[in-house]
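# Structural overview
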Amino acid sequence: MPSRRRFLAAGSAALAALAGCSTNDTPADSPTDSPTDPPTDVPTTDRDSPTDGDRPTQTPREPRPLDVSGAWPQPGYGSGHAGVAPALGVRDDATTYWHLRRLRSGPPLLADGRLFHFGLTGRNTSGPPTRTASPPTGTGHQPDGTLTLFCRDAREGHERWTRQLPGRTRAGTVAGDRVVVAGEGFLRAYTLTGDLAWERDLGTRTASVTTAVDGTVLAPTEIPQQGARDADVRAYAVADGSRRWRRPSPRWRATLAADDDTVYALSSEFQVGSTLTARALTDGSERWSIDLDDNGIPEGPYAAGDTVYVAPDDGGVHAFARSDARRRWHYDAETTNVVGVAVDRERAYLVDDGTVRVLDATTGDERYAVTPDGDGGYEGHPAVGSDRIYVGKRGNGGELAALARTDGTERWTHRFPETVVEGDMVVSGLAAQPVVAEGGVYAFAWDGLYALGPEPN
């Protein structure tokens, strides 16, 4: 059976990217624009006044503005989804600069001073969601409205533009001057200012986009109806949407990571197993493939340096050489729960059974481990900046913790209020991996999206 951590992770993802289904693809050379999606910006004034809880009222912050330099353009920062960024984040005590409340949000991406996320538009979400008191416990609700791609000002949180999306959306990524999104029957690219650059009609096929590298965006697709998965991986040109190649997946829809010249596709089938395949970025030709003995719901892949990492369900973490899939080391997890993973060329940062463990990326030897005092523990997928490790913390409520990257010392924590989802479940804490900017951290928590920055001097 899948672990409880995987169930909660799947639940949080569903709040922002709902599952869908999908048959025929348009020809590889015929991307089309949609006449029903005008590129006009959504105004932030002259709209119906929101109800209390749709968005907070504006309270300008003085004297220090949030530093939004840096970027986190793809899930897990870059094409390898390794979760490590060359950005400072928040070294010392953090405070809320703005907060988009009540789950009308999703895990964000950061690029060019803009914050992109999926969400469900309600009556009004246009105004600046700046610092206000948190809603009391029990005021959360299941969001409703139209599925939408939001572009927000990363500093203040107000909308720059929104675009309604067809069907149910899977995932997106920022690639250069494009925001590429995919879902139930479609693949679309918008400019950073909201113009529709190109679109591909995928029929009843469902796609997800999480990876882009070297002018190429990669999309796993499948037909989930009646078990006829027909899964594959496709490569498209970021500039115009022309299809470069298509290759079948050995199991069901894959998750992807990429480096300069290789795509790593992890395809899985529940309670059957998983397969990790390396393909050439240029034409999709197979370089190597290995089967994993797991429950068919793994985490990964993550690529950094000359290593690709996979966390099979109930199987710890495996580190494989990128060149030939030779296993370099294996970390045997303490529990059957999901192991949160972030990696760079020198270290692997794992969250297992409430403990953050930092391993040597070459040998797998442990450099240090840290567990918080009390009954709680660390949880979820860490995000690593140049000086801090940002990770969820459970216990009396849910928190975001910042640990020193050198030795794991806890430098600060930020607590999130409890909220109710799906009618009667009370939850608190992070719902996704944090996003690290040069002078701030964005945290998608169960009660909404937070922009955190340093305490004013």
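In case you missed it, the structure is sitting above this.
Residues numbered from 1 in each chain as written. Predicted model: local features only at pLDDT ≥ 70, side-chain atom pairs only at ≥ 80, totals over all residues. Heavy atoms only, no water.

## With respect to the pairing of strand E4 (residues 146-153)
Buried residues dominate E4, accounting for 7 of its 8 residues. The pairing of strand E3 (residues 114-121) with E4 spans 8 bridges and is antiparallel. Each residue of the ladder has a partner; that of Leu 120, found in E4, is Leu 147. Sheet topology note: the E4/strand E5 (residues 159-164) ladder contains 5 bridges and is antiparallel. Looking at the pairing, Arg 152 lines up with Glu 159 of E5. Hairpin connection of E4 to E5: 5 residues between the antiparallel strands, including Gly 157 at a positive phi of 90°. (Buried < 20%, exposed > 50% of the residue type's maximum accessible area, 1.4 Å probe, protein only. Helix = DSSP H or I, 4+ residues; strand = E, 2+ residues; numbered from the N terminus. Pairing = 2+ DSSP bridges.)

## Regarding empty space enclosed by the protein
Approximately 30 Å³ is the volume attributed to the second largest cavity. The wall of the second largest cavity is formed by Val 233, Pro 248, Ser 249, Pro 250, Ala 265, Ser 267, Thr 277 and Arg 279. When the residues that make up the lining of the second largest cavity are grouped by side-chain class, the tally is 4 nonpolar, 3 polar and 1 charged. (1 Å grid on protein atoms, 1.4 Å probe; cavity = no way out; pocket = protein on both sides within 12 Å on 5 of 7 lines; lining within 4 Å. Points joined across faces, edges and corners; volume = space filled by probe spheres on them. Nonpolar A, V, L, I, M, F, W, Y, C, P; charged D, E, K, R; others polar.)

## A few points about the sheet that holds strand E1 (residues 94-101)
The 4 strands are arranged E1-E33-E32-E31 in an open sheet whose pairing can be described as antiparallel. The sheet is open, and its two borders are formed by E1 and strand E31 (435-436), each paired with just one other strand. As judged from the 5 bridges shared by strand E32 (residues 441-445) and strand E33 (residues 448-454), these two strands associate in the antiparallel manner. Bridge pairing in E33 places Ala 445 opposite Gly 448.

## As for the sheet that holds strand E23 (residues 355-360)
Adjacent strands of a sheet pair through backbone hydrogen bonds, lying either parallel or antiparallel. Ordered by their spatial adjacency, 4 strands build an open sheet running E21-E22-E23-E24, and the pairing between neighbours is antiparallel. Edge positions in the sheet fall to strand E21 (340-343) and strand E24 (366-370), since each has one partner strand and no second. Averaged over all pairs of adjacent strands, the angle between their axes in this sheet comes to 15°, without regard to strand direction. Relative to strand E22 (residues 347-352), E21 runs antiparallel, the two being bridged by 4 bridges. Counted as the bridge partner of Gly 340 is Val 351 from E22. (Axes fitted to C-alpha atoms, helices over the stretch in contact; angles between N-to-C directions.)

## So, the environment of Trp 329
Counting through the fold element by element, Trp 329 comes out in strand E20 (residues 327-331). Here the alpha-carbon distance between Trp 329 and Thr 363, two residues 34 residues apart in the chain, equals 6.5 Å. Apart from the residues within four sequence positions on either side, Trp 329 is in contact with Tyr 309, Val 317, His 318, Ala 319, Ala 348, Leu 359, Asp 360, Ala 361, Thr 362, Thr 363 and Gly 364. Only 3.0 Å separates the side chain of Trp 329 from the backbone oxygen of Ala 361, close enough to count as a polar contact. (Contact = heavy atoms within 4.5 Å. Polar contact = N/O pair within 3.5 Å; in protein donor to acceptor, adjacent residues only side chain to side chain.)

## A short note on the pattern of salt bridges
As enumerated under the stated definition, the model contains 22 salt bridges in all. Residue Arg 160 is joined to Asp 153 by a salt bridge in which the shortest nitrogen-to-oxygen separation is 3.3 Å. Arg 246 is paired through a salt bridge with Asp 232; the nearest N and O atoms lie 2.7 Å apart. You can see Arg 246 sitting in strand E12 (residues 243-248) and its partner Asp 232 sitting in strand E11 (residues 232-237), a full 14 residues away along the chain. (Salt bridge = Lys/Arg side-chain N within 4 Å of Asp/Glu carboxyl O.)

## Structural notes on the nonpolar core
Formed by 36 residues in total, the largest nonpolar core has its most connected members in Trp 98, Leu 110, Leu 400 and Tyr 442. When residues of this core are traced back to their parent elements, those giving at least two are E1, strand E27 (398-404), strand E28 (410-416), E31, E32 and E33. (Core = buried A, V, L, I, M, F, W, Y, C linked by side-chain atoms within 4.5 Å.)

## Focus on the layout of surface pockets
Taken as a whole, the second largest pocket encloses approximately 410 Å³ of empty space. Lining the second largest pocket are 20 residues; nearest its centre among them are Gly 80, Ala 303, Ala 304, Gly 305 and Arg 345. Class assignment for the residues of the lining of the second largest pocket results in 8 nonpolar, 6 polar and 6 charged.

## As for the side chain of Ser 208
Within the secondary structure layout, Ser 208 lies in the loop between strand E8 (196-207) and strand E9 (211-213). If we ignore the near neighbours within four places in the chain, the residues touching Ser 208 are Arg 170, Ala 182, Leu 218, Ala 219, Pro 220 and Arg 253.

## With respect to the packing of aromatic side chains
Applying the stated rule across the entire model yields 8 aromatic pairs. Seen from their ring centres, Trp 161 and Tyr 190 are 6.2 Å apart, and the 40° between their planes marks the pair as tilted. Placement of Trp 161 in strand E5 and of Tyr 190 in strand E7 (residues 178-191) is noted, with a sequence separation of 29 residues between them. Of the two residues, Trp 161 and Tyr 190, neither departs from the other in class, the shared state being buried. Ring-pair connections join several aromatic residues into one group, and the members of that group are Phe 116, Trp 161 and Tyr 190. Arg 188 extends its terminal NZ or CZ atom over the ring of Phe 186, reaching a point 5.7 Å from the ring centre. Cation over ring: Arg 229 sits above Trp 252, and NZ or CZ is 3.8 Å from the ring centre. (Phe/Tyr/Trp six-rings, centres within 6.5 Å; stacked < 30°, edge-to-face > 60°. Lys NZ or Arg CZ within 6 Å of the ring centre and 35° of its normal.)

## Examining the environment of Ala 443
In this structure, Ala 443 sits in strand E32. On a C-alpha basis, the gap between Ala 443 and Tyr 390 in space is 9.7 Å, while along the polypeptide they are 53 residues apart. Among all residues touching Ala 443, those that are not within four sequence positions of it are Leu 400, Phe 416, Leu 430, Gly 448, Leu 449 and Tyr 450.

## Quick look at the side chain of Asp 259
Within the secondary structure, Asp 259 is located in the loop between strand E13 (254-258) and strand E14 (262-269). From its side chain, Asp 259 meets the backbone nitrogen of Asp 261 in a polar contact 3.2 Å long. Polar contacts involving the side chain of Asp 259 include one to the side chain of Tyr 264, which spans 2.8 Å.

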